[in-house]
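# Structure assessment
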Amino acid sequence: MSLRVYNTLTREKEVFKPVVPGKVGIYVCGPTVYKPAHIGHMVGPVIFDAIKRYLVYKGYEVTWVVNITDVDDKLIEAAAAKNISVEALAEQCTREYLDCLSMLGVDTIDRFPKASEHIDEIIEVCRTLIERQFAYAAEGNVWFDVAKDPDYGKLSNRKVEQQELGTRSLEGSGKRSPADFALWKAAKPGEPSWDSPWGRGRPGWHIECSAMSMKYLGATFDMHGGGMDLMFPHHENELAQSESATGKPFVRFWMHNGLTRVNTKKISGSDAATVEGAKLLASLAARKLIEEHTPELLRYFLLSTHYRRPIEFTPEVLTAARKGLSVFHRLFERVERLLGQPLPEKGDEIDRAAPGLLDTEHATYARNLLNLKLKFLEMMDDDFNTAGAIAVLHELAGEVNGFIEKSGVERNRQAELIEASVAGAMTIKTLAGTVLGLLRGRPAVAESSGAGDVEKLMALFIAMRAEARKEKNFPIADRIRKGLAEIGVSLEDRPEGTIWRKEQE
């Protein structure tokens with residue numbers, strides 16, 4: 001099956017064909033670094049990390065760029081309110097953003113260009129737009145003349161008249177039309193500014209992304225991503241000014257991810273403007289949530305919804321995600337007990353084990369796993385459907401668990417059956433890790449200074465329950481199990497003994 005990607009520009013799924021055969025360029029709008037990162041800032045990077053991983057898995061050479069907006073009205077205002085420099089606030093928030101990405105396993109981004117380090121490129125694009133008569137200078141400002149672009153609005157399907165309502169801020173003078181937007185802003189006292197042909201000033205928001213994306217990916221590149229809230233005016237203006245400057249198509253595929261919703265309320269950067277919104281964003285601080293719920297759980301949670309759909313952030317959904325993720329770790333623990341050691345980082349998948357199984361009574365198991373692996377890849381080929389791919393991983397886990405049960409390998413310990421079980425587990429581990437960035441390590445466990453005492457106490461409870469069962473005092477045995485369950489501790493009886501685990505809250 002060919003990879004098909006939904007293109008916001010055409011409102012259709014299209015067969016993916018890169019601009020340069022074998023190579024893919026991706027640009028995703030990063031944060032304006034004026035406040036701590038919240039969970040919404042993590043959605044796009046986690047999604048596109050999985051997208052890049054899959055493209056690499058398919059054999060493409062991928063370059064992925066995520067910008068840092070460190071020159072912007074909101075940043076200037078926030079720095080003034082905190083009585084610190086714009087540079088200091090930007091550096092502080094950028095560092096936290098990058099730390100959160102690292103914790104979530106987003107490690108495939110190739111460049112993080114900053115707007116402040118690309119002023120020359122921004123000025124050059126502005127100069128080109130003026131020369132091509134798509135922009136004009138007035139009183140130290142440079143404005144894009146929306147009326148000169150007959151295609152304006154083709155991405156968002158909005159009319160020119162709606163531009164004024166969608167802009168962040170169009171302060172300044174000399175505009176010919178309320179719809180025109182700023183490419184360069186004349187300097188104001190106390191604000192960062194740079195020399196330009198039009199006097200001291202600073203870039204507008206939209207031109208920053210055009211200049212940086214085209215510098216690193218070319219005049220035409222493959223994928224441009226960002227949240228739905230950026231489609232207008234930001235991406236619409238990016239598209240208009242970039243194609244007007246080069247005379248070439250700007251982006252092959254426009255991809256927009258759904259916004260995070262808490263209690264049905266969509267979360268976007270504009271929420272910080274209200275007291276209620278600021279409190280909500282603080283409660284969704286990325287670092288806080290990562291520490292509370294573990295990085296892998298949050299990554300699993302974010303990938304469990306198709307990227308174009310809103311992400312519902314509720315305790316119930318997180319609980320469901322926790323249970324779903326635990327299925328894989330329990331399976332891995334089960335297979336590791338058969339193997340007598342941890343699963344390797346890399347190992348034979350079912351593809352290699354299948355030839356030896358297809359001529360045995362376990363042929364159905366091998367065929368089912370091979371078909372499910374193909375189904376996983378088909379899900380990813382269908383507009384990077386990570387939610388569907390995770391569902392297939394659960395089907396794979398069910399097959400492996402079923403094979404272990406039916407084959408009796410936990411009792412007979414036959415080498416070929418252990419090998420087949422390991423191959424099934426490694427198929428899951430490899431697909432999840434290589435493509436989705438999941439299950440790459442052992443599950444995070446909450447630390448406690450009294451961990452050793454807890455182990456001793458649990459060993460005592462397990463021994464007491466075993467003694468009660470031996471004496472056929474089942475009411476006491478059941479009471480111990482139920483009592484532990486009430487505080488989130490589950491017991492699992494296995495041939496080699498009883499194990500316990502504390503379910504995360």
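See the structure above.
Residues numbered from 1 in each chain as written. Predicted model: local features only at pLDDT ≥ 70, side-chain atom pairs only at ≥ 80, totals over all residues. Heavy atoms only, no water.

## Topic: the sheet that holds strand S5 (residues 135–138)
- Taking strand neighbours across the sheet as the criterion, the 4 strands line up as S5-S6-S7-S8 in an open arrangement whose pairing is antiparallel. If you trace the sheet from one side to the other, it starts and ends with S5 and strand S8 (201–203), each paired once. Adjacent strand axes in the sheet meet at a mean angle of 20°, parallel and antiparallel pairs treated alike.
- Note: S5 against strand S6 (residues 141–144), 4 bridges, orientation antiparallel. Looking across to S6, one finds that tyrosine 136 is bridged to tryptophan 143. (Pairing = 2+ DSSP bridges. Helix = DSSP H or I, 4+ residues; strand = E, 2+ residues; numbered from the N terminus. Axes fitted to C-alpha atoms, helices over the stretch in contact; angles between N-to-C directions.)

## With respect to the nonpolar core
- If you look at the biggest cluster of nonpolar residues, it comprises 99 residues, and the most contacted ones within it are Met42, Leu55, Met223, Phe376, Phe384, Ile428 and Leu436.
- Counting residues per element, this core draws most heavily on helix H16 (residues 415–436), which supplies 12 residues.
- Each residue touching methionine 223, except ones within four places of it in the same chain, is listed here: Val5, Phe16, Gly25, Ile26, Tyr27, Ile51, Leu55, Val251, Phe253, Met255 and Phe384.
- In this structure, Cys29, Ile119, Phe181 and Leu230 belong to the second largest nonpolar core, which totals 40 residues. (Core = buried A, V, L, I, M, F, W, Y, C linked by side-chain atoms within 4.5 Å. Buried < 20%, exposed > 50% of the residue type's maximum accessible area, 1.4 Å probe, protein only. Contact = heavy atoms within 4.5 Å.)

## Description of the pattern of salt bridges
- According to the stated counting rule, one finds 26 salt bridges in the structure shown.
- Between arginine 252 and glutamate 14 there is a salt bridge, with the nearest N and O atoms lying 2.9 Å from each other. Of the two residues, arginine 252 sits in strand S10 (residues 251–257) while glutamate 14 sits in strand S2 (residues 12–15), which places them 238 residues apart along the sequence.
- Of the residues examined, glutamate 14 reaches a relative accessible area of 14% and is grouped as buried.
- Here glutamate 405 ties to arginine 334 by a salt bridge, and the two come within 2.4 Å at their closest N and O atoms. (Salt bridge = Lys/Arg side-chain N within 4 Å of Asp/Glu carboxyl O.)

## Re unusual backbone geometry
- Here the bond from phenylalanine 232 into proline 233 is cis, since omega is 5°, no more than 30 degrees from zero.
- Looking at the element boundaries, proline 233 is found in helix H7 (residues 231–246).
- With phi around 60°, asparagine 83 is a residue other than glycine that occupies positive phi space.
- The exposure class of asparagine 83 is exposed, given its relative accessible area of 71%.
- Even without being a glycine, lysine 472 presents a positive backbone phi close to 60°.
- Along the chain, the position of lysine 472 falls in the loop between helix H17 (451–470) and helix H18 (474–486).
- Overall, lysine 472 belongs to the exposed group, its relative accessible area being 64%.

## So, the side chain of glutamate 14
- One polar contact links glutamate 14 to arginine 252, side chain to side chain, over a distance of 2.9 Å.
- Contacts of glutamate 14, omitting those with residues within four sequence positions, involve Leu3, Arg4, Val5, Asn7, Arg252 and Phe253. (Polar contact = N/O pair within 3.5 Å; in protein donor to acceptor, adjacent residues only side chain to side chain.)

## Focus on the pairing of strand S9 (residues 221–227)
- The element S9 is extensively covered by neighbouring structure, given that 7 of its 7 residues are classed as buried.
- Pairing analysis gives 3 bridges linking strand S3 (residues 23–28) to S9, with the strands arranged parallel. Bridge pairing in S9 places tyrosine 27 opposite histidine 224.
- Of the pairings in the sheet, the one linking S9 to S10 comprises 6 bridges and is parallel in character. The partner of phenylalanine 221 across the bridge, within S10, is valine 251.
- Assessed by its sense of winding, the connection that carries the chain from S9 through H7 to S10 is right-handed. (Right-handed = clockwise from strand over helix to strand, strands pointing away.)

## Focus on the packing of helix H11 (residues 315–339) against H16
- Running from amino to carboxyl end, H11 crosses H16 at an angle of 150°, the nearest separation of the two axes being 10 Å. For the pair H11 and H16, the crossing hand works out as left-handed. Contact with H11, carried on its side by Phe328, Leu331, Phe332, Val335, Leu338 and Leu339, involves Ile418, Ser421, Val422, Ala425, Ile428 and Lys429 of H16 and no other residues of that element.
- Here the contact of H11 with H16 is composed, by residue class, of 10 nonpolar, 1 polar and 1 charged. (Left-handed = near helix turned anticlockwise from the far one by under 90°. Nonpolar A, V, L, I, M, F, W, Y, C, P; charged D, E, K, R; others polar.)

## Focus: the packing of aromatic side chains
- Overall, the coordinates contain 10 aromatic pairs when judged by the stated rule.
- Ring geometry for tyrosine 54 versus tyrosine 57: centroids 6.2 Å apart, planes at 15°, classification stacked. In this pair, tyrosine 54 and tyrosine 57 both sit in helix H1 (residues 39–57), 3 residues apart, roughly one turn of the helix.
- The exposure class assigned to tyrosine 54 is buried, which follows from its relative accessible area of 1%.
- A centroid spacing of 3.9 Å and a plane angle of 15° characterise the contact between tyrosine 365 and phenylalanine 403, whose relative ring orientation is stacked. In this pair, tyrosine 365 is assigned in helix H13 (residues 363–381) and phenylalanine 403 in helix H14 (residues 386–407), connecting sequence segments 38 residues apart. The pair formed by tyrosine 365 and phenylalanine 403 is uniform in burial state, with each residue classed as buried.
- Taken together, the aromatic side chains of Tyr27, Phe221, Phe250 and Trp254 make up a single cluster linked through ring pairs.
- It is arginine 176 that lies over the ring of tyrosine 136; its NZ or CZ is 3.9 Å from the centre.
- Taking NZ or CZ as reference, arginine 308 lies 4.1 Å from the ring centre of tyrosine 6, over its face. (Phe/Tyr/Trp six-rings, centres within 6.5 Å; stacked < 30°, edge-to-face > 60°. Lys NZ or Arg CZ within 6 Å of the ring centre and 35° of its normal.)

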